[in-house]
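Each chain, written out:
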Amino acid sequence: MLKSFCKAAACVLALGASGLALAADPIIIKFSHVVAEQTPKGQGALMFKKLVEERLAGKVRVDVYPNSSLFGDGKEMEALLSGDVQLIAPSLAKFEQYTPKLQLFDLPFLFNDIAAVDRFQLSPEGQNLLKSMEGKNITGLAYWHNGMKQLSANKALREPADARGLKFRVQASAVLEEQFKAVRANPRKMSFAEVYQGLQTGVVNGAENPYSNIYSQKMHEVQKFITETDHGLLDYMLITNTKFWSGLPADVKTELDKIIVEVTAQVNKDAEKLNQDAKKNILTAKTTEIITLTPEQRGKWREAMKPVWAKFEAPIGADLIKAADAANQAQ
Ligand code: LMR
């Protein structure tokens, strides 16, 4: 009896020990996103995984889920809040339910180039926006570039009038809806994973995205024309669940913060090249004509879309729009 009790006690002790081993299991960070791996965000997620697993081996494991394979648009933010994923990087267009301020980044023709975007994102105003959703348990860790959006369609778009009556897929953004209404086109909200099929079946006639997204989702195969408008920005905010992040052990958090700084620098350095490579691949595929606008033609798009700014001045804040616009002047 005593013997068998001792056996049982040993068993309990052994279980206790394995319980301890469990407690020391690595922290798992699930990083879910909606794009392909050969895009700026896809590459950033993989680099983050690599560096974390090198420097925090045994302490943290990162599982990356690309291409909406775990959660797609609409679900990924809820999943972050409920703790089902720990890192996501939605495009800045996808935050309007959480703060109207980030609608800033969707304003058409806001930034002249990526250098201006960098200046604004690194400014105090830009950095404050990373913290603007902490009351909602969302912490912004960094901005990641994809780049400037181009218009694609099954019709050659040279002037705003060419877009009239066409149906364009938009991300879940009221600003982007207004942008297409401004050229008398019909916007239709659709999640990223549905865009290819939407274009293929004619549910929509056109879309807007940087080259890396167009190419990696094969959208060029179902779009005869791309107009190089550079009319707006598609960038990301790398975000985490505030409670999760602040509950990490201090040494782990410090190392993760360092890694994010490194990954961010690399993503933002490489993004434009990935877009240019994707553009070359589209040209090689010969599926799609890429239209370059004259300055006059581009000016017409700007003039047609610019009234959208006034419509969103109140929710975004005039000062914020002014600060972003000022970043167009190199210091
Ligand atoms: C889109 O929905 O078009 C983009 O936000 C996808 C992405 O994450 O780049």
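Residues numbered from 1 in each chain as written. Predicted model: local features only at pLDDT ≥ 70, side-chain atom pairs only at ≥ 80, totals over all residues. Heavy atoms only, no water.

As annotated in an unreviewed UniProt entry, the protein is C4-dicarboxylate-binding periplasmic protein DctP from Pseudomonas fluorescens. What UniProt records for the protein under Sequence similarities (unreviewed entry) is the sentence "Belongs to the bacterial solute-binding protein 7 family." (UniProt positions renumbered as here; feature names shortened; annotations may be inferred.)

J.: Would you take a moment to explain the nonpolar core for this structure?
T.: Buried together is how nonpolar side chains tend to be arranged in soluble globular proteins. Ranked by internal contacts, the top residues of the largest apolar core, which has 42 residues, are Phe31, Phe48, Val52, Val62, Trp144, Leu238 and Leu256. Secondary-structure elements contributing two or more residues to this core are strand S1 (27–32), helix H2 (40–55), strand S2 (60–65), strand S4 (138–148), helix H7 (195–201), helix H8 (211–216), strand S10 (233–241) and helix H10 (250–285). The greatest single-element share of this core, amounting to eight residues, is contributed by H10. Ignoring anything within four residues of it in the chain, the contact list for Leu256 reads Ile29, Phe48, Val52, Leu56, Trp245 and Leu248. (Core = buried A, V, L, I, M, F, W, Y, C linked by side-chain atoms within 4.5 Å. Buried < 20%, exposed > 50% of the residue type's maximum accessible area, 1.4 Å probe, protein only. Helix = DSSP H or I, 4+ residues; strand = E, 2+ residues; numbered from the N terminus. Contact = heavy atoms within 4.5 Å.)

J.: Any chance you could explain the sheet that holds S1 here in plain terms?
T.: Think of a sheet as strands paired side by side through backbone hydrogen bonds, with each pair either parallel or antiparallel. Read from one edge of the open sheet, five strands run S2-S1-S3-S10-S4, paired in mixed fashion. Each edge of the sheet is formed by a strand with only one pairing partner; in this case those strands are S2 and S4. The pairing of strand S3 (residues 87–88) with S10 spans two bridges and is antiparallel. Each residue of the ladder has a partner; that of Leu87, found in S10, is Thr240. This element, helix H4 (residues 114–122), spans S4 and S10 of the sheet and lies at about 170° to S4. Of the strands in this sheet, S1, S2, S4 and S10 are in contact with H10, which crosses S4 at around 15°. (Pairing = 2+ DSSP bridges. Axes fitted to C-alpha atoms, helices over the stretch in contact; angles between N-to-C directions.)

J.: Please clarify how the pairing of S10 should be interpreted in this entry.
T.: Looking along a regular strand, one sees side chains alternate from face to face of the sheet. When you tally the buried positions in S10, you get nine out of nine residues, the bulk of the element. Of the two faces of S10, both are covered, the one formed by Leu233, Asp235, Met237, Ile239 and Asn241 as well as the one formed by Leu234, Tyr236, Leu238 and Thr240. Pairing of S4 with S10 involves nine bridges; the strand directions are antiparallel. Following the sheet pairing, Trp144 is matched in S10 by Tyr236.

J.: Where do I start with the confidence of the model for the protein in this structure?
T.: One rule of thumb: low pLDDT means the predicted coordinates there are not for detailed reading. Put simply, the protein has an average pLDDT of 94, and 93% of its residues get 70 or more. Note that pLDDT drops below 50 for residues 1–21; the model gives that stretch zero contacts with residues more than four away or on any other chain. (pLDDT = per-residue confidence, 0-100.)

J.: Just checking my understanding: could you explain helix H6 (residues 174–181) for this structure?
T.: For the α-helix, the turn length of 3.6 residues means that residues three or four positions removed from each other point alike. Among the residues of H6, Val175, Leu176, Glu178, Gln179 and Phe180 are the ones counted as buried. Buried residues in H6 make contact with strand S5 (150–153), strand S6 (167–170), strand S7 (186–189), strand S8 (206–209), helix H11 (295–305) and helix H12 (308–311). For H6, the side-chain oxygen to backbone nitrogen distance between the N-cap and Val175 is 3.3 Å, and the N-cap itself is Ser173. (Polar contact = N/O pair within 3.5 Å; in protein donor to acceptor, adjacent residues only side chain to side chain.)

J.: Help me out: how do you make sense of the site of the ligand in this one?
T.: Near the ligand, the surroundings consist of Val34, Val35, Lys41, Ser91, Lys94, Arg169, Gln171, Phe192, Asn209, Asn213, Leu234 and Tyr236. Between the ligand and the protein, one listed contact pairs an oxygen atom with a side-chain N or O atom of Lys94 at 2.8 Å. Gln171 is positioned with one of its side-chain polar atoms (N or O) 2.7 Å from an oxygen atom of the ligand. A total of 270 Å² of accessible area belongs to the ligand in isolation, and the protein chains cover 100% of it. Broken down by class, the residue content of the shell around the ligand amounts to five nonpolar, four polar and three charged. (Near = heavy atom within 4 Å. Areas by Shrake-Rupley, 256 points an atom, 1.4 Å probe, with all protein chains shown as cover. Nonpolar A, V, L, I, M, F, W, Y, C, P; charged D, E, K, R; others polar.)

J.: I keep staring at unusual backbone geometry and nothing clicks. Help me out?
T.: For residues other than glycine, phi is negative in most cases, and the peptide bonds are mostly trans. The backbone of Asn67 shows a phi angle near 55°, a positive value even though the residue is not glycine. Checked against the element boundaries, Asn67 lands in the loop between S2 and helix H3 (76–82). Residue Asn67 is classed as partly exposed on the basis of its relative accessible area of 42%. You will see that Lys218, though not glycine, has its phi angle at about 60°, which is positive. By the element assignment, Lys218 lies in the loop between H8 and strand S9 (225–228). For Lys218, a relative accessible area of 44% gives the class partly exposed.

J.: How should I be thinking about the packing of H2 against H10 in this particular structure?
T.: Each packed pair of helices is defined by two parameters, the angle between the axes and the distance between the axes. Between H2 and H10, whose axes approach to 9 Å, the crossing angle comes to 150°. The angle between H2 and H10 places the two elements in the roughly antiparallel class. Along this stretch, H2 crosses H10, giving a crossing that reads as right-handed. Side by side, H2 and H10 meet where Pro40, Gln43, Gly44, Met47, Phe48, Leu51, Val52 and Arg55 of the first sit next to Glu255, Leu256, Ile259, Ile260, Glu262, Val263, Gln266, Val267, Ala271 and Leu274 of the second. Classifying every residue of the contact of H2 with H10 gives twelve nonpolar, three polar and three charged. (Parallel < 35°, antiparallel > 145°, perpendicular 65-115°, else oblique. Left-handed = near helix turned anticlockwise from the far one by under 90°.)

J.: Can you help me understand the side chain of Ser173 in this one?
T.: Secondary-structure assignment places Ser173 in the loop between S6 and H6. Using a relative accessible area of 1% as the deciding quantity, one classes Ser173 as buried. Of note is the side chain of Ser173, whose polar atom sits 2.7 Å from the side chain of Asp106.

J.: Before we go on, may I ask you to explain the packing of aromatic side chains in this structure?
T.: In this description, an aromatic ring pair is defined by two values, namely the gap between the centres and the angle between the planes. Enumeration according to the criterion identifies eight aromatic pairs in this entry. Judged by centre distance (6.4 Å) and plane angle (70°), the rings of Phe31 and Phe48 are edge-to-face. Here Phe31 is found in strand S1, whereas its partner Phe48 is found in helix H2, with 17 residues between them in sequence. By the burial criterion, Phe31 is buried, and Phe48 matches it. Pairing Phe168 with Phe180 gives two aromatic rings, centres 4.4 Å apart and planes at 15°, and the pair type is stacked. Here Phe180 lies in helix H6 and Phe168 lies in strand S6, a separation of twelve residues in the sequence. A relative accessible area of 0% places Phe168 in the buried class. Every member of this aromatic cluster is reached through a ring pair, and the members are Phe105, Phe111, Phe120 and Tyr143. Positioned above the aromatic ring of Trp309 is the side chain of Lys306, whose terminal nitrogen or guanidinium carbon lies 4.3 Å from the ring centre. (Phe/Tyr/Trp six-rings, centres within 6.5 Å; stacked < 30°, edge-to-face > 60°. Lys NZ or Arg CZ within 6 Å of the ring centre and 35° of its normal.)

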